[in-house]
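For reference, the chains in residue letters:
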Amino acid sequence: MKKIMLIFGTRPEAIKMCPLINQLKANTAFETIVCVTGQHKEMLSQVMDIFQLKADYDLSIMRSRQTLSRIAIDILERLEKILKKENPDLILVHGDTSTSFIAALAGFYAGISVGHVEAGLRTYNMQSPFPEEFNRQAVDLITDLYFAPTNTAQDNLLKEGKKLEKIFVTGNTVVDALQMTIKSNYENVHTRWAEDSKLILLTAHRRENLGQPMRNMFRALKRILQEFLDVKVIYPIHKNPAVREIANEVFVDVERIRIIEPLDVVDFHNFMARSYLILTDSGGIQEEAPSLGKPVLVMRNTTERPEGVAAGTLRLVGTKEENIYKEIKNLLINEKEYQKMSRAVNPYGDGHASERIVQTIVQYFADI
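Residues numbered from 1 in each chain as written. Predicted model: local features only at pLDDT ≥ 70, side-chain atom pairs only at ≥ 80, totals over all residues. Heavy atoms only, no water.

Enquirer: Teacher, can you tell me more about the packing of helix H1 (residues 11–25) against helix H7 (residues 173–181) here?
Expert: For any two helices packed against each other, one specifies the crossing angle of their axes together with the interaxial distance. Viewed as axis vectors pointing N to C, H1 and H7 meet at an angle of 80°, and their least axial separation amounts to 8 Å. When the axes of H1 and H7 are compared, the pair comes out roughly perpendicular. Packed against H1, whose contacting residues are Ile15, Lys16, Pro19 and Asn22, the element H7 presents Thr173, Val174, Asp176, Ala177 and Met180 at the interface. In terms of residue class, the contact of H1 with H7 is made up of 5 nonpolar, 2 polar and 2 charged. (Axes fitted to C-alpha atoms, helices over the stretch in contact; angles between N-to-C directions. Helix = DSSP H or I, 4+ residues; strand = E, 2+ residues; numbered from the N terminus. Parallel < 35°, antiparallel > 145°, perpendicular 65-115°, else oblique. Contact = heavy atoms within 4.5 Å. Nonpolar A, V, L, I, M, F, W, Y, C, P; charged D, E, K, R; others polar.)

Now the structure itself:
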């Protein structure tokens, strides 16, 4: 029996890894070990509870206003002992977080094979998103199995010299997760509040957008609320105190916006399903929303998910106030443009990514 260790630490990673964990646990060929770093703590626990999973190891690294350096040091030191004890045959990491990079590095140092779920995403701009672009490129330098969500991601890896026989296009596991979380009979006090309106769901938290770019985002949305009386906004705000300071500054006394605490994955996915459009600087939402037929305006200058832009489900709007305002307004008044985005084909998979990844791992061990 081969031993597989999945290592992750943030809420977005958990959402995308939990369907894969369940798929691995259902396969008797594997002993599945779950290690969380706690890079996010409360939000990570919420996701694990929803998928009825428990971690075998919790590094509990989270601390107030933690720095990237501190995250890296704590994960590397604590993970080294666990890897020595368990000696897994394969480590699986996800995406582009600091947890993913350091976990892959720890595996490399220990001589353990690494599989990268959601491999091959690129902007080729190390500052956007920061530090995620570095993290995912660094992980792919030491990866043995590349699970690319799309053909575009595979092409990126091939252009970088990765071997075709190590790359597997699987779709994105977030689509697997959506099949477990969306509920037709879902109700919530906040979605009921927005029933008579066009609901804009807002997320904004990126490190590189703190400061003036984030003020620009919020001011553009404030103008929309002042102009369109049939619009309401729900903003599940990030835990970062710097984000909250800017939101409180710009949105003070603004009507028809509800700033609420972060939502668990079931609530958030169902809020997306009941929204009119989504305004975000996040990554994973760019994959989730197209599955639900929701236009997404991405408040960034680059995206590692160009498939969504090419398909028409996403639109890059940057971080300048006037441009964000105009793009939101266009979707509110131009029904043809709105329908064009909401009916675009989802390029991110069919809900069977986890199955494909497990089948690939089975074959990988059969071949060695």
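We are not done yet, so read on.
Enquirer: Teacher, can you tell me more about the sheet that holds strand S4 (residues 90–94) here?
Expert: The 7 strands lie next to each other as S3-S2-S1-S4-S5-S6-S7, forming an open sheet whose pairing is parallel. Looking at strand neighbours, the two that pair on one side only are strand S3 (57–58) and strand S7 (167–169), the edges of this open sheet. By the bridge criterion, 2 bridges tie strand S2 (residues 30–36) to S3 in an arrangement that is parallel. Bridging across to S3, Cys35 finds its partner in Tyr57. With respect to the sheet, helix H6 (residues 151–159) is in contact with strand S6 (145–148) and S7, its orientation differing from that of S7 by roughly 165°. (Pairing = 2+ DSSP bridges.)

Enquirer: How should I be thinking about unusual backbone geometry in this particular structure?
Expert: Negative phi values dominate among residues other than glycine, just as trans dominates among peptide bonds. Cis rather than trans, the peptide bond between Ser128 and Pro129 has omega equal to -5°. A cis amide bond links Phe130 with the next residue in sequence, Pro131, at an omega value of 0°. Among the structural elements, Pro131 can be located in the loop between strand S5 (113–117) and helix H5 (132–141). Despite not being glycine, Ser60 shows a phi value in the positive range, around 50°. With respect to the helices and strands, the residue Ser60 is situated in the loop between S3 and helix H3 (68–86). One non-glycine residue, Tyr124, lies in the positive phi region at around 60°.

Enquirer: Please clarify how the pattern of salt bridges should be interpreted in this entry.
Expert: Side-chain pairs of opposite charge can arise where the charged atoms are in close proximity. One pass over the structure, following the stated rule, counts 27 salt bridges. The partner of Glu304 in a salt bridge is Arg300, and the shortest N-O contact between them spans 2.4 Å. Taking the relative accessible area as the measure of exposure, Glu304 reaches 3% and is therefore buried. Salt bridges linked by common partners bring Lys16, Asp96, Glu118, Glu133, Arg136, Glu287, Arg300, Glu304 and Arg305 together as one network. (Salt bridge = Lys/Arg side-chain N within 4 Å of Asp/Glu carboxyl O. Buried < 20%, exposed > 50% of the residue type's maximum accessible area, 1.4 Å probe, protein only.)

Enquirer: In this structure, what is going on with the nonpolar core? I would like to understand it.
Expert: Nonpolar side chains in soluble globular proteins tend to end up buried together. Grouped together as the largest cluster of nonpolar side chains are 50 residues, with contacts concentrated most on Ile4, Leu6, Phe8, Leu20, Leu24, Leu92 and Ile361. Looking at this core, the element that brings in the most residues is H1, giving 7 residues. Apart from the residues within four sequence positions on either side, Phe8 is in contact with Glu13, Ala14, Met17, Ile21, Val34, Cys35, Val36, Thr37, Leu44, Met48 and Thr99. Counting residues in hydrophobic clusters, the runner-up holds 35 residues, among them Ala220, Tyr235, Ile237 and Met299. (Core = buried A, V, L, I, M, F, W, Y, C linked by side-chain atoms within 4.5 Å.)

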